[in-house]
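# Structural overview for review
Single-letter residue listing:
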Amino acid sequence: MEKLTKGFKYNEVGITILSLVIIIIVLLILAGITIGSITGDNGIIGNAGNAKEETEISNEKEIVNTATVQAMEKNKYGNITKEELQNFLDSNTEPNVTEVVKNIDDLIVYFKETNRFYNVDVDGNVTGPVEISKVTDEYPGDITKSSTGTTLAGTIDEPYQINCIEDLCALSNAVNSGESYLEKYIELTIDLDFLSSFSYINGNIAVSGQIESKSSIEDLMEELTKNVGFVSIGNTTNYFQGSFLGNGHSIGHLFMNSSNDYIGFFGYINSYSSRIEHLNLEDVQIKGNNYVGGIIGQALGYVPITDTSVSGYITGNDQVGGIAGRLDALNTNNINYATVTGNTLVGGIVGNTWGSYSPSSSNKNYGNISGNSEVGGIIGRLSYGIIEKSVNYGEINGNTKIGGIIGRMYYNSGVIVKNCYNVGNIKGETSIGGISGSIEIWNGSGGELYYSYNIGTVTANSNGGAVAGTNTGTVENCYYLQGTYNGGINGEDIENQAESKNEDFMKGHDFIELLNTLNDSTVWKQDIKNENNGYPIFEN
C-alpha cells in the first residue's frame, strides 16, 4: 500500500510539472513568441543545447591543455609521451574517462562519454574536437567476414573485406602461405594508416613468419613501421591471383625495409584475371633490391592497374617504379608523387614494361626520379606497348638513356609513344631527351614517337635532344620550347620530326590545331585554366 501511495504522489507531481510547462508555452504564444522560436535549431531550447555543448568542449580542451603542460614539464626534454599524458588526464579527471592513442606523429585524446577527440601535436598544441575514423571489426584478421561478422563469398558483388591493419596482415599471411585468391575479389572498406592506433583493433596477429603475434597495438605498430615492416603480399613461389579494389581509399605510412627482390604492397602477381584499382598509398617508405614498386613489385600476365596513386620514397636497384617495378599490362590514370631512386630501369610509373596488351594512358608523374641508366618520368624501359596521353612534371636525373617520358624505347615495332608531354627538367651525361633518351631499332624495326612536346630544360654532355637524345627509330611531328636545348634530336632540328617553337606559338590556338590535325584527333586543348602554365593539355 505504501508503494502505491508513493507512486500516486509521484504522478501528481508529474501532472503538476506538465501543466506548468503547458501554461508557460501558452503564455509565451500569447506574448507573440512562436513554437519555432522555442524548439527550432536557433530557438531557445536549441541555443541552450548549443551553449551546453560549447561549455563541455571548453572544459574538455582545458583538461587536455592542463594535462599536456604537466606532461611536458615532467619530461626533461619537453616531450610528450602517451603514458605521461594519460596519467595526468586520469589524475585530473577519473580513470577511464579518457583514452590516449598514438596517431602518426601526434596524440589523440578520446573522451569516451561525449565521443569527442582532441589532437595534441609534438609541440603541445591542442586542437579539436577533430573527426577521427576509428575502425570497427568483430573478426580482425579474417577477411572472409564483414566488420559485423557476415560471411562473404569473395565475388565481385560480395568481395572479401579489409577493415583494419590486422586484415592486411592476414592477407599477407594467407598469400605467402599458398592461398592465391584465384579470381577472388578483395575490397578496402576504409582509409587505414599504419601509424594510427585507430586503424588497428587489437594488434594480436603474426605477420608472414617474420613478426610474432603481439599483445598490443603499440607493439605491432612498432614492428610494422620501424623494425621488420609490412611483408609484401605474394612472392615468386606463392603469388597473388585475385583482384584488389581500393574503392578510392588510402593506406598511409606503408613501411618496407628489405634487401630482397619483389618488394611492394603486392610483391608478385602472376595472373590473367587480376586487377588492382582505385587504391592510394600515402607517405610510403619502401626499400628493396630488384623489382620494387609502390603498388606492385612485379606482375606477370595481364594485371591492369588503374586509378592508383603513390607518395613517399621508393628505393631499389633494378626495375624500380613509383607504381610498379615491372608491369606487362594496361595501366591507366595512375599518379606518382613519390621520389623514386634506383640503378637501372627506373620509372615514375613503371621501371620496365614488356608486352602491354592495350594502350597505357593518362598517367602522371610528379616525383623526382633518379638512377644510372634507362630512367624515365613515366617508364624506364619500354620494350613493347603503346604509351599515350601521359605527362611528367618531375625532375629526371641519371647517366645514360634518360628521358622525360621514356628512358629507352627498345626492341620492336610495337614500341609506340604518342600524345605525351614533358614539363620537368631532364639531366644526364649521354642519350638524354625531353621525351625519350634513346629510341632504338632491333632486328629491323624499332620505337616510334609521335605528336608530343617538351618544355623542360634538358642538360647533357653528349647525344642530347629536347625531344630525343639518340634516335634510330621513327620520330614524327614532335616539338619543343626554344631554349630548352640546342636541337630536337641529338643536337639537331629535323623538319617534320623535331622542331622548336616559341612560347607564344605553343600557348596559342594554332599549336593545338597543328597537333590535332597531324594526329587526326581531338586529344589536345588549350590550357584555359592555366593548369599547365598555358601550354596544351589533354582534352579528357
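The structure we're discussing is the one just above.
Right, let's walk through the structure included here. Nothing here was measured: the structure is a model prediction, and the numbers come from that model.

This part takes up the layout of surface pockets. Considering only enclosed or pocket space, the largest pocket measures out at about 530 Å³ in volume. Forming the walls of the largest pocket are 24 residues, and the residues nearest its centre are Lys-102, Ile-104, Leu-195, Met-221 and Lys-226. Secondary-structure elements contributing two or more residues to the lining of the largest pocket are helix 4 (82–92), strand 2 (106–111), helix 6 (217–225) and strand 11 (276–287). For the lining of the largest pocket, the leading source of residues is helix 6, giving four residues.

The tally for this structure, following the rule as stated, stands at 14 salt bridges. With a shortest N-O distance of 3.3 Å, Arg-326 and Asp-328 are connected by a salt bridge. For Arg-326, a relative accessible area of 18% corresponds to the buried category. The exposure class of Asp-328 is buried, given its relative accessible area of 7%. For the salt bridge of Lys-507 with Glu-503, the shortest nitrogen-to-oxygen distance reads 2.7 Å. The exposure class assigned to Lys-507 is partly exposed, which follows from its relative accessible area of 25%.

Next up on the list: the sheet that holds strand 4 (residues 126–130). The pairing of strands in a sheet happens through backbone hydrogen bonds and is either parallel or antiparallel. The strand order across the open sheet built from four strands is 1-2-3-4, with neighbouring strands paired in antiparallel fashion. This sheet does not close on itself; its edge strands, each paired only once, are strand 1 (98–103) and strand 4. Each strand axis lies, on average, 25° off the axis of its neighbour in the sheet, ignoring direction. Of the pairings in the sheet, the one linking strand 1 to strand 2 comprises six bridges and is antiparallel in character. What sits directly across from Thr-98, in strand 2, is Phe-111. Helix-sheet contacts for helix 4 involve strand 1, strand 2 and strand 3 (116–120), and the interaxial angle to strand 1 is about 165°.

What counts and how
- Residues numbered from 1 in each chain as written.
- Predicted model: local features only at pLDDT ≥ 70, side-chain atom pairs only at ≥ 80, totals over all residues.
- Heavy atoms only, no water.
- 1 Å grid on protein atoms, 1.4 Å probe; cavity = no way out; pocket = protein on both sides within 12 Å on 5 of 7 lines; lining within 4 Å.
- Points joined across faces, edges and corners; volume = space filled by probe spheres on them.
- Helix = DSSP H or I, 4+ residues; strand = E, 2+ residues; numbered from the N terminus.
- Salt bridge = Lys/Arg side-chain N within 4 Å of Asp/Glu carboxyl O.
- Buried < 20%, exposed > 50% of the residue type's maximum accessible area, 1.4 Å probe, protein only.
- Pairing = 2+ DSSP bridges.
- Axes fitted to C-alpha atoms, helices over the stretch in contact; angles between N-to-C directions.
- Contact = heavy atoms within 4.5 Å.

So, to be careful, I would describe these as geometric facts and stop short of saying anything about function.
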